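# Close look at the chain arrangement
What follows is each chain in one-letter form.
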Amino acid sequence: MNKVTYDRRTGQFHGGDRRFIARAEVLRLVNAEAARLETRLSGHARLLTQDKIGVTEFQLRIAEDIKLSHLRMAAFGTGGEKQLGSRHFSTAGQELKRQYKYLQGFGDAIAQGELSQKQILSRAKSYGVSARTAFVKSEKLTRESYGAREAKRSLDSQARHCSSCLIPIL
């Protein structure tokens, strides 16, 4: 992912070899990062449910992994770390603040014994979805900064969708 840049002229990502990367591949990379995050978070949850770490340590580990993943996805969404601007960091920071608030509530529920082990594992994994959000928001900001006002949808080919292929970004 670190060799990927965004070409503002074409509105596409390309790799270190300057060849364009298919949108499906970009989404595969995003989903792979989200899956890696889910795996790391599941590991922390297992340690917690096995009483190997406490709730506070669990929250710190989750928060750190979420932060690092969000920053990687924000950088990817802009086409590389060098393109990250203050708006990207601000947007990522706002999303992280939301996630930390959810994490605080999650920790409180664990400390009060309100969640089963299965619920803890499931809820910890759900934070992986936020990595995708970081990419989408960063990519949207980048495209807007280059004057884009519409985007092609990347839809599931097996699902039913309306016939419109363009959606407004703003």
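Rules of the game
Residues numbered from 1 in each chain as written. Predicted model: local features only at pLDDT ≥ 70, side-chain atom pairs only at ≥ 80, totals over all residues. Heavy atoms only, no water. Helix = DSSP H or I, 4+ residues; strand = E, 2+ residues; numbered from the N terminus. Contact = heavy atoms within 4.5 Å. Expected span 1.5 Å × (residues − 1). Buried < 20%, exposed > 50% of the residue type's maximum accessible area, 1.4 Å probe, protein only. 1 Å grid on protein atoms, 1.4 Å probe; cavity = no way out; pocket = protein on both sides within 12 Å on 5 of 7 lines; lining within 4 Å. Points joined across faces, edges and corners; volume = space filled by probe spheres on them. Nonpolar A, V, L, I, M, F, W, Y, C, P; charged D, E, K, R; others polar. pLDDT = per-residue confidence, 0-100. Axes fitted to C-alpha atoms, helices over the stretch in contact; angles between N-to-C directions. Parallel < 35°, antiparallel > 145°, perpendicular 65-115°, else oblique. Left-handed = near helix turned anticlockwise from the far one by under 90°. Phe/Tyr/Trp six-rings, centres within 6.5 Å; stacked < 30°, edge-to-face > 60°.

### Remarks on the environment of Ala45
Relative to the assigned elements, Ala45 resides in helix H1 (residues 23–49). Ala45 sits 75 residues away from Ile120 along the chain, and the two C-alpha atoms are 6.5 Å apart. When residues no more than four places from it in sequence are discounted, the contact partners of Ala45 are Phe58, Ile120, Leu121 and Ala124.

### Quick word on helix H3 (residues 86–111)
For H3, spanning 26 residues, the distance from its first C-alpha to its last is 36 Å, which sits close to the expected 38 Å at 1.5 Å a residue. Listed in full, the buried residues belonging to H3 are His88, Ala92, Glu95, Leu96, Gln99, Leu103, Phe106, Gly107, Ala109 and Ile110. Tucked into the core, H3 has its buried residues touching H1, helix H2 (55–78), helix H4 (117–126) and helix H5 (129–145). Downstream of H3 by a residue or two, Gly113 has a phi angle that is positive, lying close to 70°.

### Details of empty space enclosed by the protein
Counting across every chain of the model gives one cavity of 30 Å³ or more. Of the pockets and cavities examined, the largest cavity occupies roughly 50 Å³. If you go around the largest cavity, the residues you meet are Ala74, His88, Thr91, Ala92, Glu95, Ala134, Lys137 and Ser138. Here the element with the most residues in the lining of the largest cavity is H3; it accounts for four residues. Here the residues of the lining of the largest cavity are counted per class, giving three nonpolar, three polar and two charged.

### Brief notes about the confidence of the model for the chain
Per-residue pLDDT for the chain averages 85, and the proportion of residues at 70 or more is 85%. This model gives residues 163–170 a pLDDT under 50, and the stretch forms 21 contacts once residues within four places in sequence are excluded.

### Overview of the packing of H1 against H5
Direction vectors running N to C along H1 and H5 enclose 140°, while the axes themselves pass 7 Å from each other. With respect to H5, the element H1 is oriented oblique. Crossing of H1 over H5 shows right-handed handedness. Seen from H1, the contacting residues are Arg23, Val26, Val30, Asn31, Ala34, Leu37 and Glu38; seen from H5, they are Val129, Ala131, Arg132, Phe135, Glu139 and Arg143. Broken down by class, the residue content of the contact of H1 with H5 amounts to seven nonpolar, one polar and five charged.

### A look at the packing of aromatic side chains
This structure, assessed with the given rule, holds five aromatic pairs. Summarising the aromatic geometry, the rings of Phe58 and Phe106 are spaced 5.6 Å apart at their centres and angled 75° between planes, so their arrangement reads as edge-to-face. Taken together, the residues Phe58 in helix H2 and Phe106 in helix H3 connect sequence positions 48 residues apart. Taking relative accessible area as the criterion, Phe58 reaches 0% and is therefore assigned buried.

### Observations regarding the side chain of Glu139
Within the secondary structure, Glu139 is located in helix H5. Residue classification places Glu139 among the buried positions, given a relative accessible area of 6%. Apart from the residues within four sequence positions on either side, Glu139 is in contact with Phe13, Arg23 and Gly77.

### What to know about the packing of H2 against H3
Packing of H2 against H3 leaves a shortest axis separation of 10 Å and a crossing angle of 155°. The pairing of H2 with H3 is recorded here as roughly antiparallel in orientation. The interaxial crossing formed by H2 with H3 has right-handed handedness. Partitioning the contact of H2 with H3 into residue classes produces 15 nonpolar, seven polar and two charged.

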